Amino acid sequence: MKYKLVVDSSCDITPDVMARTGAVKVPLVMLMGERSYIDDDNLDVKGFVDDMVAHKGPMRSGCPAPAEYAAHYTGDDPIFVVTLSSRLSGSYASAVAGITLARDQGHKADVYVFDSKSASPGQVTIALLIEELAGSGFSKEEIIEKVETHIKRQQTLFILEDVTNMVKNGRMSRVAGTFVTALHIRPLLASDGDGNIVRVDKARGTAATVKRLVEVMGERCSDMSDKTLVITHCFNPDMANYLKALAEERYNFKKIVLSGMGGLSAMYAGKGGVLTAF
């Protein structure tokens, strides 16, 4: 089935999938004091992360305007949109509002917007599933049903190598952040299934935390044979590859995909952060 794929810039889709699907990205904006950074292909992600580490104050993001989505709601083919969790951003609401705007401009706008209830790797699993289902000849309605079922069952687990951003943005107290850093404790976090971030466990040291994350995968799902594991990282390929090796050794994932993060995901995960979804 022919279709069009639109994602926001939290979806850290790999270049080969972008090329295969013809996907287009709608950028969010990261705000750091008086500076703003557009999360598009022109962003120097490493430079942004360096600025983020040096910045002492809180950071926030700005979602795309409905018109930015509407600009891509053209043509006669069905359009699937995959956004960052509506619990974390207004991107989903803007994508939905863009449908009315595009139709008012005379476009067919046969659009369905998926709220990933996740971020970075969770959005990638959805994009890959849409590609697989469309390639297998499923109808638009069947794709929507199967992807929504996947979203309800999807697991998102992640490790923060540095909790500084959580402290700066008020998600963790400064005292707790100092305690975690001093003792080399790594929090293991997850989506609660509705797009909210919750703590699952903690461990001392990176290796122990990665091993615990892989254990939790098995506690949450007994059969991985029909699942794709996506791992995204913020300039931490060593941890990402270690996690991949442990997952391959322990489980029978259909496929494992690794990708670096863009700016928006890096802002949430912090330098060294690693996210997984399946």
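Undergrad: What should I look at first to understand the side chain of Gln-155 in this one?
TA: Structurally, Gln-155 can be placed in the loop between α6 (140–153) and β8 (156–159). Looking at Gln-155, its side chain comes within polar contact range of the side chain of Arg-220, at 2.8 Å. Among all residues touching Gln-155, those that are not within four sequence positions of it are Arg-220, Thr-276, Ala-277 and Phe-278.

Undergrad: Can you walk me through the packing of helix α9 (residues 206–220) against helix α10 (residues 237–250) in this structure?
TA: Each pair of packed helices gets described by two things: the angle between the helix axes and the distance between those axes. Interhelical geometry of α9 versus α10 gives an angle of 40° and a closest axis separation of 10 Å. Viewed along their axes, α9 and α10 adopt a mutual orientation that is oblique. In this structure, α9 crosses over α10, and the sense of that crossing is right-handed. Across the interface between the two elements, Thr-206, Ala-207, Val-210, Lys-211, Leu-213, Val-214, Glu-215 and Met-217 from α9 touch Met-239, Tyr-242, Leu-243, Leu-246, Ala-247 and Arg-250 from α10. In terms of residue class, the contact of α9 with α10 is made up of 10 nonpolar, 1 polar and 3 charged.

Undergrad: Got a minute to help me understand the sheet that holds strand β4 (residues 35–38) in this structure?
TA: The pairing of strands in a sheet comes from backbone hydrogen bonds and takes either a parallel or an antiparallel form. The 3 strands lie next to each other as β4-β3-β5, forming an open sheet whose pairing is antiparallel. Only two strands of the sheet have a single neighbouring strand rather than two, namely β4 and β5 (59–62). Within the sheet, the average angular offset between the axes of one strand and its neighbour, ignoring direction, is 25°. Bridging between strand β3 (residues 29–32) and β5 involves 4 bridges; their strand directions are antiparallel. Across the sheet, Leu-31 pairs through a bridge with Arg-60, a residue of β5. Those strands touched by helix α2 (residues 45–54) are β3, β4 and β5, and its axis lies near 30° from that of β3.

Cut-off values and rules
Residues numbered from 1 in each chain as written. Predicted model: local features only at pLDDT ≥ 70, side-chain atom pairs only at ≥ 80, totals over all residues. Heavy atoms only, no water. Helix = DSSP H or I, 4+ residues; strand = E, 2+ residues; numbered from the N terminus. Polar contact = N/O pair within 3.5 Å; in protein donor to acceptor, adjacent residues only side chain to side chain. Contact = heavy atoms within 4.5 Å. Axes fitted to C-alpha atoms, helices over the stretch in contact; angles between N-to-C directions. Parallel < 35°, antiparallel > 145°, perpendicular 65-115°, else oblique. Left-handed = near helix turned anticlockwise from the far one by under 90°. Nonpolar A, V, L, I, M, F, W, Y, C, P; charged D, E, K, R; others polar. Pairing = 2+ DSSP bridges.

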